[in-house]
Amino acid sequence: MKTVIQDKKKDKKPFSKKLIKIWKKNYMAIIVLVPVTVHFLIFVFYPVLFGLFTSFTNISFRNFANGRWRFIGLENWIDVLQDSNFWQSMVVTVKYTLLYVPAVMVLGLFFAYILSRERKGIRFFRSVFFLPSITSGIVLAAVWKYLFASDEGGVFNAIIGKIGLGPIPFWGDGTTVLPILAALGVYMGAGSLMVYFLGGLKGIPSSFYESALIDGAGKWTIFSKITLPLLKPTILYALILSTIGSFQVFDVINILTLGGPAGESTTIVYLIYNNGFKLGQLGYAAAVSYVLFIIIATITFIQYRVLGTGVSYE
Amino acid sequence: MNTKMSKFGEIIYWSGLIIFALLFIFPFIMMITGSFSDTRTIVPRKNFWIPEYIYYGNYKNFFSNDKALSWVKNSFIYAIVPVITGTFINTLVGYILAKKNFKGRNFLFLLYISMMLVPSQVSLVPNYVMYTTVFKFTDSYLAILVPGMWSISNMFLMRQYATTLPDSIIEAALIDGSGDFYTFFKIIFPMVKTPVAVMGIFAFLAYWNIYLPVLIYMNDPGMYNLTVGVGTMVQLDGNYGMQMLGAVICMVPVFILYVFCQRYFVEGISLTGLKG
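Please read these numbers as outputs of a predicted model, since none were measured by experiment. (Residues numbered from 1 in each chain as written. Chains lettered and ligands numbered in written order. Predicted model: local features only at pLDDT ≥ 70, side-chain atom pairs only at ≥ 80, totals over all residues.)

J.: Got a minute to help me understand the overall build of chain A in this structure?
T.: For chain A, the helix and strand inventory stands at 14 helices and zero strands. Along chain A, from the amino end to the carboxyl end, the secondary structure elements read α-α-α-α-α-α-α-α-α-α-α-α-α-α. Over its C-alpha atoms chain A spans a radius of gyration of 28 Å, topping by over 25% the 20 Å that the globule rule assigns to 314 residues. Burial status across chain A gives 37% buried among its 314 residues. For chain A, long-range pairs separated by at least 24 residues make up 68% of all intrachain contacts whose partners lie at least 6 apart in sequence. (Helix = DSSP H or I, 4+ residues; strand = E, 2+ residues; numbered from the N terminus. Rg over C-alpha atoms; globule rule 2.2 N^0.38 Å. Buried ≥ 20, exposed ≤ 12 C-beta atoms within 10 Å, placed from the backbone. Contact = placed C-beta atoms within 7 Å.)

Structure below.
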């Protein structure tokens, strides 16, 4: 009996002493994490919720400053799904993805494969292929415009002109615009995929190759039967990330085509920018950005499902 | 991988590499020669790959233009401040979430990193409304620097790295009687130099190349950075020489950083995955 009472007394320390004890143990976490979490809630977490809310309102350039916007339910979402511009932007984005993702994956893997062995001079080539990946898209878009300019000032048209061919209007036609944009994307993305795949290739134990060589396997057999299957997790991860990246392409389009001609390069993010920040339909743009969120979340979900069955080297 | 190539194979291999490398360098060469070209000689061009004479007019025009110089200054402000604030905040938060035990730690961590799944475009409209009406961030450096004080993905990188640090060192320091912050700055910080460098370089790149937020929040062209300034130049006029010069100016700091810190770029990719 006595001991129990004593225990209770121990528990009943004054509240202030308890606080001091908590403070002494956790003061670092409190000093750092309280302001950081406040910042997080205001600048990261709240905007995501507020964005969802604005997608249910008629907020626009005309009424957002005076606060006279109101709740309109699902109207924006229905508008989006009935809007031919939205569906065209979906088609454009998917087309861009189909042009960009396979090309950048193959080129990145190809560069990684041929540069995987440590030899004299190899580092130089790795740096060259990686350079566009760290360069601003705006810089490369500027160069792309100069290379592919429709008039005689453009580099390629100047070259073609020398052998007597007329200038090609690279930006005038939907059939040429998307491949040129995708080529720019591949040029920018292949280097970082190469570095990523180089990491994956390094992770494959060399004993695998040695035993295959002893068995007399050829280069192609080794690549297709050993390298590719063991690289599968890396490839899948890179595939998902490049797909997400290609759904978010914006900067270079805003510089080079402004979504044209006739909306043939208007991707989803360009649609968000154009409708939200040029035409001022903020509520509509918020709804489109949430549709984009849903698409990307689906891709990410697939990533986790597929990557759940990874490969182990043991 | 350890197979030997024949002589013929070697020739094919190296010439193939050189052709690809030339293709990849070609746009940069055109950028540099373009920046030294007089626009009048670009249209129509007799010689597409070197200017007929070296023309310094673009450089003179750029560096005598106050607006262009303010783009350079702004680019440095937008890029360097987040590197400094981010280095401290990301490292501190990452370390605390990795090594300090307190109630709600895992919840907080999951809350932070769950936001990494949300594409940044989702915040465009709400941020625009908040920044222009409540915070009055329009045409102010704060629109970029306040939200950019720290970054969840870089914090995540630090946290993953900090979990690999041995507990014994931290405990030993604490038993010695040094406080938490002292331990952090004197003992932990020097141990995480590599991820700090990676983080700093990635933050610099991301903010040096920042485009859409500057485009949305800055109405005054004097508040543009180089990417938006050069981008507007490319959108508006057909003066290729000036545009290539703008591209060169925007490229130079990144290139210098790349030459001197290449190791960290490569390590960064393998630590964090790819850039979006």
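J.: Where do I start with the interface of chain B and chain A in this structure?
T.: Bring the parts together and some accessible area is lost; that lost area is often taken as the interface size. Across the boundary between the two partners, chain B contributes 71 residues, which contact 76 residues of chain A. Counting residues per element, the side of chain B that touches chain A draws most heavily on helix α14 (residues 240–260) of chain B, at nine residues.

J.: Quick question: what am I supposed to make of the confidence of the model for chain A here?
T.: Interpretation of this model should avoid reading the predicted coordinates in detail wherever pLDDT is low. Residue and element names in this part refer to chain A. Overall, the prediction assigns chain A a mean pLDDT of 86, with 93% of residues at 70 or greater. Overall, residues 1–5 carries pLDDT values under 50, and its contacts beyond four positions in sequence, including any with other chains, amount to zero contacts. For the stretch residues 310–314, pLDDT sits under 50, and the model shows five contacts to residues farther than four places along the chain or on other chains. (pLDDT = per-residue confidence, 0-100.)

J.: I keep staring at the nonpolar core and nothing clicks. Help me out?
T.: If you look at soluble globular proteins, the nonpolar side chains tend to sit buried side by side. If you look at the biggest cluster of nonpolar residues, it comprises 141 residues, and the most contacted ones within it are A141, A142, V143, M194 and V288 of chain A together with V93 and A247 of chain B. The element best represented in this core is helix α8 (residues 174–202) of chain A, accounting for 15 residues. Setting aside its immediate chain neighbours within four residues, A141 of chain A contacts L184, D251, V252, I255 and L256 of chain A together with V234 of chain B. (Core = buried A, V, L, I, M, F, W, Y, C linked by C-beta atoms within 7 Å.)

J.: Is there a simple way to explain the confidence of the model for chain B in this structure?
T.: For chain B, the mean per-residue pLDDT works out to 87, and 91% of the residues sit at or above 70. Among the scores for the predicted complex, ipTM is 0.89 and pTM is 0.89.

J.: Help me understand helix α13 (residues 226–236) of chain B in this model?
T.: Since the α-helix advances by 3.6 residues per turn, residues separated by three or four positions end up pointing in the same direction. Summarising burial for α13 of chain B: eight of the eleven residues are buried, a large majority. Of the residues making up α13 of chain B, those classed as buried are L226, T227, V228, G229, V230, G231, M233 and V234 of chain B. On the buried face of α13 of chain B, the contacting elements are α6 (137–147) and α12 (251–256) of chain A together with α4 (66–99), α12 (212–217) and α14 of chain B.

J.: Is there a simple way to think about the packing of helix α11 (residues 193–208) of chain B against α14 of chain B in this case?
T.: Residue and element names in this part refer to chain B. Axis separation between α11 and α14 bottoms out at 11 Å; the angle between their running directions is 165°. Here α14 runs roughly antiparallel to α11, going by the angle between their axes. Read as a crossing pair, α11 and α14 show a hand that is left-handed. Every residue of α14 that contacts α11 at I201, F204, L205 and W208 is listed here: P253, V254 and L257. Classifying every residue of the contact of α11 with α14 by side-chain character gives seven nonpolar, no polar and no charged. (Axes fitted to C-alpha atoms, helices over the stretch in contact; angles between N-to-C directions. Parallel < 35°, antiparallel > 145°, perpendicular 65-115°, else oblique. Left-handed = near helix turned anticlockwise from the far one by under 90°. Nonpolar A, V, L, I, M, F, W, Y, C, P; charged D, E, K, R; others polar.)

J.: Is there a simple way to think about unusual backbone geometry in this case?
T.: A negative phi angle characterises most non-glycine residues, just as the trans form characterises most peptide bonds. Residues and elements named next belong to chain A. For L258, which is not glycine, the phi dihedral falls at a positive 50°. Of note, L258 is situated in the loop between α12 and α13 (268–278). Phi at A262 takes a positive value of approximately 50°, unusual for a residue other than glycine. With respect to the secondary-structure elements, A262 resides in the loop between α12 and α13. Look at A262 and you get exposed, because 10 C-beta atoms sit within 10 Å.

J.: What's the story with helix α2 (residues 15–54) of chain A in this structure? I'm lost.
T.: Helix length check: α2 of chain A, at 40 residues, gives a terminal C-alpha distance of 44 Å against a target of 58 Å (1.5 Å per residue), a shortfall beyond 12%. Three or more residues of α2 of chain A are buried, namely A29, V32, L33, V36, F40, P47, G51 and T54 of chain A. (Expected span 1.5 Å × (residues − 1).)

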